[in-house]
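Now for the letters of each chain:
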Amino acid sequence: MSYRRILSTMLASLAVAGPLLAADVYNLDPAHTDVAFSIDHLVINTVQGRFKEVTGSVTLDDKNNVTEAKATIQTKSIDTGIEKRDNHLRSADFFDVEKFPTLTFEAKKIVEQGGEKALSGTLTMHGVSKEIALPFTIKGPVKDPLKRGTSVIGIHAHTKLNRKDFGLTWNKIIEAGGLAVGEEVEITINAEAVKK
């Protein structure tokens with residue numbers, strides 16, 4: 001087979017494979033993205049909060065399957081609605097935002113977990129990186145009439161983490177014998193992402 005024929009065969013193969021490799025990147029829309037958490041307080045109550053500054057993206061293949069996802073959260077943006085408590089959470093007792101200004105998650109693999117699809121990836125928080133599985137669902141894409149027909153997807157994800165696994169160990173024992181702050185944190189993500 002001649003060099004030209006080999007070259008033309010390779011180019012034809014790439015032309016066919018091109019659409020199969022096509023991927024769409026969707027960037028998180030900060031105005032419609034909420035990363036919320038809840039944690040036990042004094043054993044008898046649950047405190048809720050959120051992070052207000054989140055950026056990231058989700059990559060879909062030509063069948064709308066997630067192939068990659070990443071997000072960065074500014075830890076100083078933590079908000080529980082009480083300034084004194086938020087300042088304590090930003091301090092070295094908890095997130096130590098001066099030393100660890102971001103919390104990141106990056107996933108490149110989908111796994112099955114309890115009958116759900118989950119993003120398997122690396123969560124880095126407070127200087128500690130751990131592999132986690134983040135169960136999720138994707139809705140859409142749909143066309144957003146307010147953004148000139150731009151393609152938008154919805155993302156819902158949820159998980160539970162033990163904050164001590166990431167070096168967030170501050171606590172106090174209350175008079176009744178329990179802990180002032182729970183160790184298990186429930187995280188819920190509701191987001192929209194716009195096609196790049």
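All of these numbers come straight from a predicted model, not from anything done at the bench.

Caption draft 1: Quick look at unusual backbone geometry. Of note, the amide linkage connecting Gly-140 to Pro-141 takes the cis form, showing an omega dihedral of 10°. Assignment of secondary structure puts Pro-141 in strand E9 (residues 128-144). For His-126, which is not glycine, the phi dihedral falls at a positive 55°. If you trace the backbone, His-126 turns up in the loop between strand E8 (116-125) and E9. Overall, His-126 belongs to the buried group, its relative accessible area being 17%.

Caption draft 2: Quick look at the nonpolar core. Counting residues in each nonpolar core, the largest one holds 39 residues, and the members touching the most others are Phe-95, Leu-119, Leu-123 and Met-125. Looking at this core, the element that brings in the most residues is strand E11 (residues 181-195), giving six residues. Every residue in contact with Leu-123, bar those within four places of it in the chain, is listed here: Leu-103, Thr-104, Phe-105, Val-128, Ser-129, Lys-130, Ile-132, Leu-161 and Phe-166.

Caption draft 3: Seen up close, the pattern of salt bridges. According to the stated counting rule, one finds four salt bridges in the structure shown. Put simply, Lys-195 and Asp-24 hold a salt bridge, and the shortest N to O gap is 3.7 Å. Residue Lys-195 is found in strand E11, and its partner Asp-24 is found in strand E1 (residues 23-28); the two are separated by 171 residues along the sequence. Taking the shortest distance from any N to any O, the salt bridge between Lys-164 and Glu-183 comes out at 3.6 Å. In this pair, Lys-164 is assigned in the loop between strand E10 (150-162) and E11 and Glu-183 in strand E11, connecting sequence segments 19 residues apart. A residue is classified by how much of its surface remains accessible, and Lys-164, at 42% relative accessible area, is partly exposed. The class of Glu-183 is partly exposed, set by a relative accessible area of 28%.

Caption draft 4: Expanded view of the packing of aromatic side chains. Enumeration over the complete set of coordinates arrives at three aromatic pairs. Their ring planes at 90° and their centres at 5.7 Å tell us that Phe-51 and Phe-95 sit as a pair that is edge-to-face. In this pair, Phe-51 is assigned in strand E3 (residues 45-51) and Phe-95 in the loop between helix H2 (83-90) and strand E7 (102-113), connecting sequence segments 44 residues apart. For the pair formed by Phe-51 and Phe-95, the shared burial category is buried. A network of ring pairs unites the aromatic residues Phe-37, Phe-51 and Phe-95 as a single cluster.

Caption draft 5: Up close: the environment of Thr-33. Note that Thr-33 resides in the loop between E1 and strand E2 (34-41). In this structure, Thr-33 is in contact with Leu-28, Arg-50, Val-54, Asn-190, Ala-191 and Glu-192, ignoring residues within four places of it in sequence. Within the structure, the side chain of Thr-33 is placed 2.7 Å from the backbone oxygen of Asp-29, a separation counted as a polar contact.

Caption draft 6: Structural detail: the pairing of E2. Relative to E11, E2 runs antiparallel, the two being bridged by seven bridges. Paired with Ala-36 across the strands is Thr-188, a residue of E11. As paired elements, E2 and E3 share seven bridges and run antiparallel to each other. By the bridge assignment for E3, Ala-36 is matched with Arg-50. Between E2 and E3, which pair antiparallel and follow one another directly, the connecting turn spans three residues, one of which, Leu-42, has a positive phi of 55°.

Caption draft 7: Structural context of the confidence of the model for the protein chain. Of all residues in the protein chain, 87% have pLDDT values of 70 or greater, and the mean over the chain is 88. When mean pLDDT is taken per element in the protein chain, strand E6 (residues 78-79) scores highest with 98 and helix H1 (residues 3-21) scores lowest with 49. Throughout residues 13-20 the model reports pLDDT below 50, and contacts reaching past four residues in sequence, or to other chains, amount to two contacts.

Calculation rules
Residues numbered from 1 in each chain as written. Predicted model: local features only at pLDDT ≥ 70, side-chain atom pairs only at ≥ 80, totals over all residues. Heavy atoms only, no water. Helix = DSSP H or I, 4+ residues; strand = E, 2+ residues; numbered from the N terminus. Buried < 20%, exposed > 50% of the residue type's maximum accessible area, 1.4 Å probe, protein only. Core = buried A, V, L, I, M, F, W, Y, C linked by side-chain atoms within 4.5 Å. Contact = heavy atoms within 4.5 Å. Salt bridge = Lys/Arg side-chain N within 4 Å of Asp/Glu carboxyl O. Phe/Tyr/Trp six-rings, centres within 6.5 Å; stacked < 30°, edge-to-face > 60°. Polar contact = N/O pair within 3.5 Å; in protein donor to acceptor, adjacent residues only side chain to side chain. Pairing = 2+ DSSP bridges. pLDDT = per-residue confidence, 0-100.

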